[in-house]
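Overview (structure and organization)
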Amino acid sequence: MNKAPSKTLTRSPRKVESLPRLPVQIFLFSLTILIIGITCATLFFYSVFSRMVEAKLKEGLQHYTAEIYARPYSIIPGRRLTQKQLIQRLERLGYTRSVSRIPATYREGPIGLEFISRQGRTVDVIFSDSGVKSINVERQPTGEFGLEPELISNLSDGSGKKRKYVSYENISDVLIKAILAAEDKRFFDHVGIDFWRILKAAIIDIRSKELAQGGSTLTQQCVKNLFLTQEKRLQRKFQEICLSLILETRLTKRQIFELYVNEVYLGQEGPFSITGFGQAAAMYFHKNIRDVSLAEAACLAGIISAPNRFNPYRYPDRALKQRNQVLDAMELNGFITFAQKVAAKTVPVALQPAITYNYLEAPYFVDYVESQLVPRFSREDLYKRNYRIYTTLDAELQRAAYEAVQQGAAEIDKLLAKRKDAGNAQVALVALDPKTGEILAMIGGRNFGQSQYNRITMARRQPGSAFKPFVYAAALETPFTDTARKVTPARIYQDEPSTFYFGNTTYSPRNFGDKYLGRVNVREALMHSLNVATMHLAQEIGYQQIVTVARRAGFRGNLKPYPSVALGAFEVTPLEIAQAYTIFPNQGILRRGHAIHHIETNTGTHRQTSPPPEEVIHPETAYLVTSLMQSVLDQGTGSGARQRGFSLPAAGKTGTSNDGWFVGFTPDLLCVTWVGFDDNRDINMVGSGSALPIWTEFMKRAEHELPLRGADFEKPPNVVTVNIDPSTGLLASPRCLKVRRENFISGTEPTLQCPENMRGKFPASWTNAAGR
């Protein structure tokens, strides 16, 4: 059987159609269009972002441009100042250590310090154990040398940010290294973008499926703070990169770093955000940014990534861990040695009390200065132009005031803690130069971060007996105004329960503690702040005469010629009463308080015209009242100042209403302290127990800082001093049991000698009396 032949199946090859090739001309055309599109887009975005950068640079990168300066610091022989403290002050002013004799440098010697001022003058300061021993300028002895004014603060633009602007030169080397190690170690090498860091961040973001990792350089962070929002979006990241590249072509690396240091957010304290390392160093460590240690620098740098999460006050353990991580990074990158890292890690995070403002920034004073500037300059000019405002503030007295208020407030808190629902009382202090009216220190409250209400200039309260010196001034002025009625310090008044009639009304004041001394002279009446004796004097001279003197002394309250005016039953501010008191140490001349010395603008120097002097009372009257108030401090209601160790010649007066007052002065310095509640509740503390201790502490500190002269008050030539019998007001006889030296306006001194049968003694009860 024949088999059919097998057939071999063959598959014909499949035809594959080839893709048509684009002509070369079309390809090149498309490529050209693409390049043109990319170029146009690049030029467009460059133009847009470049205009943003240029506009910002033109506007000014600093949010605070108007600078507030304290008055020049004077180096005086006898001033309590160490060589180290002077070096710190010079460095804050931008001086550097150098062996070269060039301006703004200093060098240390075995017994002193030599520095070259910015004007090129050679100054040698020799120190002793107690402070400055001598000063030579250009090798010639001198009694005083003034340094350049120190920056207090910059005016705020009302954004709620608190910032202390610092230049790159004033940033400590350890802080620069800490910031680089924590945030951007290749900052000084890249072009604004760290591509390796961006790649690393992108990988982490892809793995986590969210934009969780930042790859921003310091330049990008500056751009984000200045131009963009904080949201995490790719569109914003693109804008950030473009702006960073452009910013790097406009500013140097140092300028960008300086900008970053002043713009970075570093936490929140009260209603203010802490912006910049200058402010953070002041708040967390109470230090200038130049003076932070390695451990403190690492702590500040560790806050950057999450300021609220790593806030050292709220989360000290987290802050410590972050600090140590920064120290590790610094050692890893060669910024510090292993030994330095280990030593720094052993140091605890030594935080200072949380205050948004330190004493030198004088926030209440700066606010007051701004209120004086606004009528003369627009707010836009103050915030956008580089004005330099030179003030009357004394930085050392401001520190003394701050420390005295803090110490006094703590003592008052202890006393009030014994009373239920008393709450915390407020404390305020203002100090003036009585000869010029210059405001030297101002504390408007316990804590500016908690309350910006300036009680020195805004709180109107009754001064109580702190007003009495003006009543006695009106009385002792009568030899010049009323020939029929000449009141002298020896005049006798009856101090016993009394009722005074005024029109159809009666007025029955009482002494503090219902203690009365019987027959007293004018000096004793003010010394012990006797209300009834004061009312007898006021009634004799007329209430209108008191109001007239008070008005001339600058009191603006609702003063009426009623009996109550003699006991201070009207409202004043502490600044108002401070400037009124200048008439006493200033020979009857009123010097109104002012805070600005001069202003430098782009158009030149504008010297601030201080208020003109105004004659209120005669020099003789001013001296007599001052002499009476010296007795208040030495033997009367203000004697607690002597018991607390203040010994310079001084005068003053206590005051008690719902608040506690003390006003006191030397020939060179006048200070008012006030204690009370903001809601005007009665503090139930006399001025001698509330305000006087704070005044005393301030004056003791001021004595060492200035130093204050120990000279007594200048006696006018028309004042004579004689011996009197204080119980009669007549000339003392040789057999008088009590003799007092008393001052009189020439021609008003007693001429009759006290007969032996009229001799008297002080009432036995006077030593137990206390006035308000």
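A few points on the structure. Residue numbers run consecutively from 1 along every chain, following the written order of its sequence. Owing to the predicted nature of the model, reporting of local features is limited to residues with pLDDT of at least 70; listing and counting of side-chain atom pairs is limited to 80 or more, with chain, interface and lining totals taken over all residues. The basis for the side-chain values is all heavy atoms of the structure; hydrogens and waters are excluded.

Topic: the overall build of the chain
What counts, and what does not: Numbering of helices and strands runs from the N terminus, with a helix taken as a DSSP run of H or I at least four residues long and a strand as a DSSP run of E at least two residues long. For each residue, the accessible area found with a 1.4 Å probe, counting protein chains only, is set against the maximum for its type, and the residue is called buried under 20%, exposed over 50%, and partly exposed in between. Note on definitions: a residue-residue contact is assigned when non-hydrogen atoms from the two residues lie within 4.5 Å.
Counting its regular elements, the chain contains 24 helices and 30 strands. Evaluated residue by residue, the chain yields a buried proportion of 52% over its 772 residues. Here the contacts in the chain between residues at least 6 apart in sequence split such that 68% fall between residues at least 24 apart.

So, the pairing of strand β15 (residues 426-432)
The condition that has to hold: DSSP-based pairing: two strands are paired if at least 2 bridges between them are found.
The element β15 is largely enclosed, with a buried count of seven among its seven residues. Across seven bridges, β15 lies against strand β27 (residues 670-676) in antiparallel orientation. Its bridge partner lying in β27, Gln426 is registered against Gly676. Inspection of the sheet shows β15 paired to strand β16 (residues 439-443) by four bridges, in the antiparallel sense. What sits directly across from Ala431, in β16, is Ala441. Following β15, the chain reverses through six residues before pairing antiparallel with β16; Gly437 in that reversal takes a positive phi of roughly 85°.

Section: the sheet that holds β15
Condition: Every axis in this analysis is a line fitted to C-alpha atoms, fitted for helices over the stretch in contact. Angles between the N-to-C directions lie between 0 and 180 degrees.
Strands sit in the order β16-β15-β27-β26-β25 across an open sheet of five strands; the sheet is antiparallel. Each of the sheet's edge strands pairs with one partner strand only, and the pair in question is β16 and β25 (651-656). Neighbour-to-neighbour, the strand axes of the sheet open up by a mean angle of 5°, direction not taken into account.

Concerning unusual backbone geometry
Backbone geometry places Asp514, a non-glycine residue, at a positive phi of 55°. Within the chain, Asn684 stands out as a residue other than glycine whose phi angle is a positive 55°. Relative to the assigned elements, Asn684 resides in the loop between β27 and α24 (687-705). Note on Asn684: relative accessible area 57%, which makes it exposed.

Details of the pairing of β27
For β27, the tally of buried residues reaches seven of seven residues, placing the bulk of the element in the interior. Because side chains alternate across β27, one face comprises the buried residues Leu670, Val672, Trp674 and Gly676, and the other comprises Cys671, Thr673 and Val675, equally buried. Two successive antiparallel strands, strand β26 (residues 660-665) and β27, enclose a turn made up of four residues.

Focus on empty space enclosed by the protein
So the rule is basically this: In this analysis, the protein atoms alone were mapped onto a 1 Å grid. Cavities are point sets where a 1.4 Å probe fits without being able to get out; pockets are open sets with protein on both sides within 12 Å along at least five of seven lines; lining residues have an atom within 4 Å of a point. Grid points are joined across faces, edges and corners, and a volume is the space filled by probe spheres set on the points. Only Asp, Glu, Lys and Arg are considered charged, only Ala, Val, Leu, Ile, Met, Phe, Trp, Tyr, Cys and Pro nonpolar, and every remaining residue, Gly among them, polar.
As enumerated under the stated definition, the model contains four cavities of 30 Å³ or more in all. The space that makes up the largest cavity amounts to roughly 60 Å³. Taken together, Arg71, Pro72, Tyr73, Ser74, Arg79, Arg89, Glu148, Glu150, Asp394, Ala395 and Glu396 form the lining of the largest cavity. Considering only residue class, the lining of the largest cavity consists of three nonpolar, one polar and seven charged.

Quick notes on the packing of aromatic side chains
Each pair of aromatic rings is reported with the distance of its centres and the angle of its planes. Quick note on the threshold: A pair of Phe, Tyr and Trp rings is counted when the ring centres sit within 6.5 Å of each other, with Trp represented by its six-membered ring. The angle between the planes then sorts it: under 30 degrees is stacked, over 60 is edge-to-face, the rest tilted. By definition, being over a ring means that NZ of Lys or CZ of Arg is both within 6 Å of the ring centre and within 35 degrees of the ring normal.
Applying the stated criterion across every chain yields a total of 23 aromatic pairs. Here the basic side chain of Lys253 rests over the ring of Phe187, its NZ or CZ set 4.4 Å away from the ring centre.

Some remarks on α24
Note on helix geometry: an α-helix contains 3.6 residues per turn, so any two residues three or four positions apart are oriented the same way. Inclusion rule: Every helix has an expected span of 1.5 Å times one less than the residues it contains.
The terminal C-alpha atoms of α24 lie 26 Å apart, and with 19 residues this matches the ideal 27 Å at 1.5 Å per residue to within 8%. In terms of burial, α24 is largely enclosed, as 14 of its 19 residues are buried.

Here's the deal with the pattern of salt bridges
Inclusion rule: Any Lys or Arg side-chain nitrogen located within 4 Å of an Asp or Glu carboxyl oxygen qualifies as a salt bridge.
Inspection of every chain in the model, using the stated rule, returns 34 salt bridges. Linking Arg71 and Glu438 is a salt bridge whose minimum nitrogen-to-oxygen distance equals 3.6 Å. Note that Arg71 is positioned in the loop between β1 (67-69) and β2 (74-75) and Glu438 in the loop between β15 and β16, a separation of 367 residues in sequence. The class of Arg71 is partly exposed, set by a relative accessible area of 25%. Arg642 is paired through a salt bridge with Asp634; the nearest N and O atoms lie 2.9 Å apart. Overall, Asp634 belongs to the partly exposed group, its relative accessible area being 39%. The network of salt bridges with shared partners includes Arg89, Glu150, Glu396, Arg399, Glu403, Glu697 and Arg701.

Side note on the packing of helix α16 (residues 468-476) against helix α19 (residues 531-541)
How we decide: An angle below 35 degrees is read as roughly parallel, one above 145 as roughly antiparallel, one from 65 to 115 as roughly perpendicular, and any other as oblique. Handedness of each helix crossing follows the sense of rotation of the near helix against the far helix: counterclockwise by less than a right angle gives left-handed, clockwise gives right-handed.
Axis separation between α16 and α19 bottoms out at 10 Å; the angle between their running directions is 40°. Between α16 and α19, the angle falls in the class oblique. Of the two elements, α16 crosses α19, and the hand of that crossing is left-handed. The residues of α19 that touch α16, namely those facing Lys468, Val471, Tyr472, Ala474 and Ala475, are Asn531, Thr534, Leu537, Ala538 and Ile541. Across the contact of α16 with α19, the residue classes break down as seven nonpolar, two polar and one charged.

Digging into helix α20 (residues 543-552)
Operational definition: Along the arc lie the directions from the helix axis toward the C-beta atoms.
Among the residues of α20, those classed as buried are Tyr543, Ile546, Val547, Val549 and Ala550. In an axial view of α20, the angular spread of the buried residues amounts to 165°, which keeps them on one side of the axis. Buried-residue contacts for α20 involve α16, β18 (500-502) and α19. Where α20 ends, the next residue or the one after it, Gly554, has phi of about 100°, a positive value.

Looking at the sheet that holds strand β30 (residues 740-745)
Judged by pairing direction, the sheet is antiparallel, and its three strands sit side by side in the order β29-β28-β30 without closing on themselves. The outermost strands of the open sheet, each flanked by one partner alone, are β29 (730-731) and β30. Bridge analysis of strand β28 (residues 719-725) against β30 gives six bridges, and the strand direction is antiparallel. In the strand pairing of β30, Val720 is matched with Phe744. Strand contacts of helix α22 (residues 619-634): β28 and β30, with the helix running at about 155° to β30, the strand carrying the most contacts.

Quick notes on the environment of Ala641
Note that Ala641 resides in helix α23 (residues 640-643). Of the residues examined, Ala641 reaches a relative accessible area of 0% and is grouped as buried. Spatially, the C-alpha atom of Ala641 lies 8.8 Å from that of Ser688, the residues being 47 residues apart in sequence. Those residues in contact with Ala641, other than ones at most four positions away along the chain, are Leu633, Phe646, Leu692, Trp695 and Thr696.

Focus: a nonpolar patch on the surface
As a reminder, the rule being used: Each patch is built from residues lacking any salt bridge and having more than 30% relative accessible area; the joining distance is 9 Å for like charges and 5 Å for nonpolar side chains (Val, Leu, Ile, Met, Phe, Trp, Tyr). Surface accessibility in these figures is a Shrake-Rupley result with a 1.4 Å probe; residues are shielded only by whichever protein chains are displayed.
Taken together, the side chains of Leu31, Leu34, Ile35 and Ile38 present a nonpolar region at the surface, about 370 Å² in accessible area. The residue Ile35 is located in helix α1 (residues 24-59) in this model. With a relative accessible area of 46%, Ile35 lands in the partly exposed category.

Section: the packing of helix α10 (residues 316-332) against helix α11 (residues 338-345)
If you want to describe how two helices pack, look at the angle between their axes and the distance between the axes. Put simply, α10 and α11 touch, their axes get as near as 9 Å, and they point 170° apart. In terms of orientation, α10 lies roughly antiparallel with respect to α11. Between α10 and α11, the residues in contact are Arg323, Asn324, Leu327, Asp328 and Glu331 and Phe338, Lys341, Ala344 and Lys345, respectively. For the contact of α10 with α11, a count of residues per class yields three nonpolar, one polar and five charged.

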